[in-house]
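Report on the structure
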Amino acid sequence: MDTYLIDEWNRRVDSDDIVYFLGDFAMGPRVDDGFVVDKLRMLHGEIRIVLGNHDQPAKKWGMSGLKQLVEDFRLGDRVKVLEDIHEFAVGGQRFVACHYPMSDWNGKFHGVAHLHGHCHSVFAKQKARDLAKMRKHKLYDVGVDMYGGPVELSGDRRFLDDPQGWRV
């Protein structure tokens, strides 16, 4: 699985791209600090991370936590840890990024889209009327379970209405 995810990432991301990673980079009994750092170093692009619940220190697995690893291994030139809620714009389109889906965010009623992870595509399986409401408010699960890897945010507002058409 790790090899597939790294290959997909690197197929979709060039070395000069900026990637917003919305949490839960790695966890589990075979995942230690060295494992995480090695994987981060394999990935293309400048990586901006909004921490997820599985990116925190885990003593039972010997993990320092992703924020500490970025600092300790001096990955800050390519890997940056952001605030829990991060606002940015691409091509004039504003976004609010957070690991968790939110029911309300800055600019929600003014065209600002909310990107999140955490749900492992649960929202994609909801009833059509619920999905239509989420799309109306521009709430998008962009986790790897939805698209198999990073998706491109082009600034073209049409992709917001049809995220299945996002370039991958």
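The structure this text deals with has already been given above.
Only a predicted model underlies this, so the values are computations on that prediction, with no experimental measurement involved. (Residues numbered from 1 in each chain as written. Predicted model: local features only at pLDDT ≥ 70, side-chain atom pairs only at ≥ 80, totals over all residues. Heavy atoms only, no water.)

1. Brief notes about the pairing of strand β6 (residues 113–116)
Residues of β6 alternate between two faces, with Ala113 and Leu115 on one and His114 and His116 on the opposite face, all of them buried. Two strands pair when backbone bridges link them, and strand β5 (residues 93–98) and β6 are joined in this way by four bridges, in the parallel orientation. When the bridges of β6 are listed, Val96 appears paired with His114. Note: β6 against strand β7 (residues 139–141), three bridges, orientation parallel. Paired with Leu115 across the bridge in β7 is Tyr140. (Buried < 20%, exposed > 50% of the residue type's maximum accessible area, 1.4 Å probe, protein only. Helix = DSSP H or I, 4+ residues; strand = E, 2+ residues; numbered from the N terminus. Pairing = 2+ DSSP bridges.)

2. So, the nonpolar core
Membership of the largest hydrophobic core comes to 23 residues, with the highest contact counts inside it found for Trp9, Phe25, Val36, Leu40, Ile47, Ile49 and Leu66. Among the secondary structure elements, those contributing two or more residues to this core are α1 (2–12), β1 (18–21), α2 (33–42), β2 (46–49) and α3 (66–72). Looking at this core element by element, the count peaks at four residues for α2. Leu66 has contacts with Phe25, Val36, Leu40, Ile49, Leu51 and Asp55, leaving out every residue within four places of it along the chain. (Core = buried A, V, L, I, M, F, W, Y, C linked by side-chain atoms within 4.5 Å. Contact = heavy atoms within 4.5 Å.)

Scope: geometric values only; no functional claims are made or implied.
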